[in-house]
Amino acid sequence: MNYLLHILIMISIYAILSISLNLPVGYAGLLSLAQAAFYGIGAYAVTLFMMQAGINFFAAVVLSVILSAILSVFVSYPSIRLKGDYFILASLAFQIIVFTILYNWIDLTRGPYGIPGIPRPELFGIVFDSLPKFFALSGTIAIGILLVAKKFYSSPFGLVLKAIREDELSAISIGKNVRKFKVLAFAISGGLAAISGALYASYVTYIDPTSFTLDESIFILSIVMVGGSGNLRGPVTGTLLMILLPEGLRFLGIPDSVAPNLRQIIYALVLILLMRFRPQGMAGEYRLD
Amino acid sequence: MTEILKLENVSRSFDGLKAIDGLDMNIEAGKISAIIGPNGAGKTTLFNLICGYLYPDSGRIIYKDKDITMLNPWERASSGIGRHFQDIRVFKKLTLLENLLVTFNDGSENPFKAIFGRKSRREMDKIKIAMKWLDFVGLADMKKSLAENLSWGQQKLLSLARLLCGDFDLLLIDEPVSGVNPDMVKVILKKIRELKELGKTIIAVEHDMTAVKEISDRVYFMDSGRIVASGLPDDIFSNHEIMESYMGLDNVA
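The written sequence of each chain sets the order in which its residues are numbered from 1. Labels follow written order: the first chain is A, the first ligand is 1, and so on. Only residues with pLDDT of at least 70 get local features here, since the model is predicted, and only at 80 or more are side-chain atom pairs given and counted; chain-wide, interface and lining totals rely on the full set of residues.

### Some points on the nonpolar core
Logical step 1: Residues V46 of chain A together with A161 of chain B are the most contacted members of the largest nonpolar core, which totals 158 residues.
Logical step 2: Considering every element that reaches this core, the biggest residue donor is helix α9 (residues 178-204) of chain A, with 16 residues.
Logical step 3: Residues are scored as being in contact if the C-beta atoms we place from backbone atoms lie within 7 Å. If we ignore the near neighbours within four places in the chain, the residues touching V46 of chain A are F57, A60, V61, S64, G197, A198, A201 and S202 of chain A. Any nonpolar core is a set of buried residues, restricted to Ala, Val, Leu, Ile, Met, Phe, Trp, Tyr and Cys, that join up through C-beta atoms within 7 Å. Exposure is read from a count of other C-beta atoms within 10 Å of each residue's own; the residue is exposed at 12 or fewer, buried at 20 or more and partly exposed in between. C-beta atoms are placed from the backbone. Helix numbers and strand numbers start at the N terminus; a helix is a DSSP run of H or I with at least 4 residues, a strand a run of E with at least 2.

Structure follows, in structure tokens:
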């Protein structure tokens, strides 16, 4: 039962991450390799706000979301004019910079030693310290974000993003400030990713920079690619598949020394097969060119 | 006459080659102006300068008595200059209705309103306006289908409807009848005339001389980045010198 709850909590955390990345990727057409950076910014910011400033978890989450959204502008504003591959490189640079700062700013982040003993979330005297309680929290937040995202996509804002994705020049020709919309989409995405980071930090109660590497960014992007982008079904499907698949391997009795490698091979295989046979992902509607 | 658009001594070069060379132009409000001229005369460059996709090296562009020379493309669009592209550029994965709804620039596209706002009466009004224009171009029955399912000619009509819904005053129309069948040509020309009756000012680039004769109030003949001649359609078309330099007399009759 505990094992199942752990899986569900991880699914809710990654569902938020993939939904957040779906906004720039599937709606604004911006492929980003910086999602783990915002995930990490959220995790560290919440941790430091709670442990250094003694702020309640939920207030700390709000602050971290704002911080992450503001930091996202540093990558999006200067680089949003760059097309396709160049934007990916700019986001990659941001990812590397954030990781390097987390790793080396030892006074603030304790660097490679990590930060242990992160307190659990607390609200009105309820401490979310057991697995069922924590799942109640992370599941509620994930579903809440799912509903908000759904509203986003069907709103005039979502429609403009979709139009930009379809034809940027045409969107400009009807008076849309494309740059502003892209910066906004990226900021919202960064803010949402910070919520995942906050949940992760207070769930595991220990963070170090290795959880927020480029590999992690690639993994999050893979979730969106595998599931498909441009709607909500895509990222949710991708999250279920990419989290449950390796867990399924445990039941096949594969020895621990082989399992992690096998997992990487399966991820790669899934990506290659999708690229060949279903470039829009399992349940996506947008096909990246 | 009231001028809606004025170009004063506008020049633009590409790698030393003058695409637009000291061009002056006055566009009268509420009229259909046609720009004709051989390939490479600078017609599309001129459109791009007016829309702001290119900036002039020198000269000024005045729209409704305001200098817009250095404005961004989207700022020009939101001040009322609409563009109909030669290659259409409708939003293919959006439905016909969505293609029109997205043209409204009324602040409702703010992401915070997306979370907290409710489906207001204003949204219903917008749908009504959009449906009115879909009906105008005769595509109301297909409002829920994706734009990519339309024929080429229908996409041109949708693009016109988008310009109307967006409430643009000056419409730049690039080759409205190229590549569509003769029946659709009639429909599109009729719609363009109706646009004029609605008070829109239209500048069209078109190679089909029959179409130009049929719709335009004034014709501008462009060559080598300049307006070489302008006047009433009959005057331009009966000017043998111009017609000869353009396409040879035989094709004009």
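### Here we look at the sheet that holds strand β1 (residues 3-14) of chain B
Residue and element names in this part refer to chain B.
Logical step 1: The strand order across the open sheet built from 4 strands is β2-β1-β4-β5, with neighbouring strands paired in antiparallel fashion. Looking at strand neighbours, the two that pair on one side only are β2 (17-28) and β5 (66-67), the edges of this open sheet.
Logical step 2: Strand pairing is assigned whenever DSSP detects at least two bridges linking the two strands. Bridge analysis of β1 against strand β4 (residues 58-63) gives 5 bridges, and the strand direction is antiparallel. The partner of E8 across the bridge, within β4, is R60.
Logical step 3: Axis lines are fitted to C-alpha atoms, over the contacting stretch for helices. Their N-to-C directions set the angle, which ranges from 0 to 180 degrees. Across the sheet, helix α1 (residues 43-51) is in contact with β1, β2 and β4; its angle to β2 comes to roughly 65°.

### Quick notes on the sheet that holds strand β6 (residues 81-84) of chain B
Residue and element names in this part refer to chain B.
Logical step 1: Taking strand neighbours across the sheet as the criterion, the 6 strands line up as β6-β7-β8-β3-β9-β10 in an open arrangement whose pairing is mixed. If you trace the sheet from one side to the other, it starts and ends with β6 and β10 (226-231), each paired once. Mean inter-strand twist for the sheet, computed between neighbouring axes without regard to direction, equals 20°.
Logical step 2: Where strand β7 (residues 170-174) meets strand β8 (residues 201-205), 5 bridges bridge the pair, whose relative direction is parallel. Residue L172 lies in a different strand from β8, and its bridge partner there is I203.
Logical step 3: Across the sheet, helix α7 (residues 182-197) touches β3 (32-36), β7 and β8, and the angle it forms with β8 is around 150°.

### A closer look at the interface of chain B and chain A
Logical step 1: Facing 24 residues of chain B, the contacting portion of chain A comprises 24 residues.
Logical step 2: Mapped onto the side of chain B that touches chain A, the elements with two or more residues apiece are α2 (73-78), α3 (96-101) and α4 (111-116) of chain B.
Logical step 3: The element best represented in the side of chain B that touches chain A is α2 of chain B, accounting for 4 residues.
Logical step 4: Classification used: nonpolar for Ala, Val, Leu, Ile, Met, Phe, Trp, Tyr, Cys and Pro, charged for Asp, Glu, Lys and Arg, polar for all others including Gly. When the residues that make up the side of chain B that touches chain A are grouped by side-chain class, the tally is 11 nonpolar, 6 polar and 7 charged.

### Describing α1 of chain B
All names here are of chain B.
Logical step 1: The element α1 is extensively covered by neighbouring structure, given that 8 of its 9 residues are classed as buried.
Logical step 2: Turning to α1, its buried residues are K43, T45, L46, F47, N48, L49, I50 and C51.
Logical step 3: At the exit of α1 stands G52, carrying a positive phi of roughly 95°.

### Describing the environment of A268 of chain A
Logical step 1: Position of A268 of chain A among the secondary structure elements: in helix α12 (residues 259-277).
Logical step 2: For the pair A268 of chain A and V204 of chain A, spaced 64 residues apart in sequence, the C-alpha to C-alpha distance is 27 Å.

### Focus on the confidence of the model for chain B
Logical step 1: When pLDDT is averaged along chain B, the result is 84, and 94% of the positions lie at 70 or above.
Logical step 2: Scoring of the predicted complex yields 0.83 for pTM and 0.81 for ipTM. How sure the predictor is of each residue is captured by pLDDT, a score from 0 to 100.

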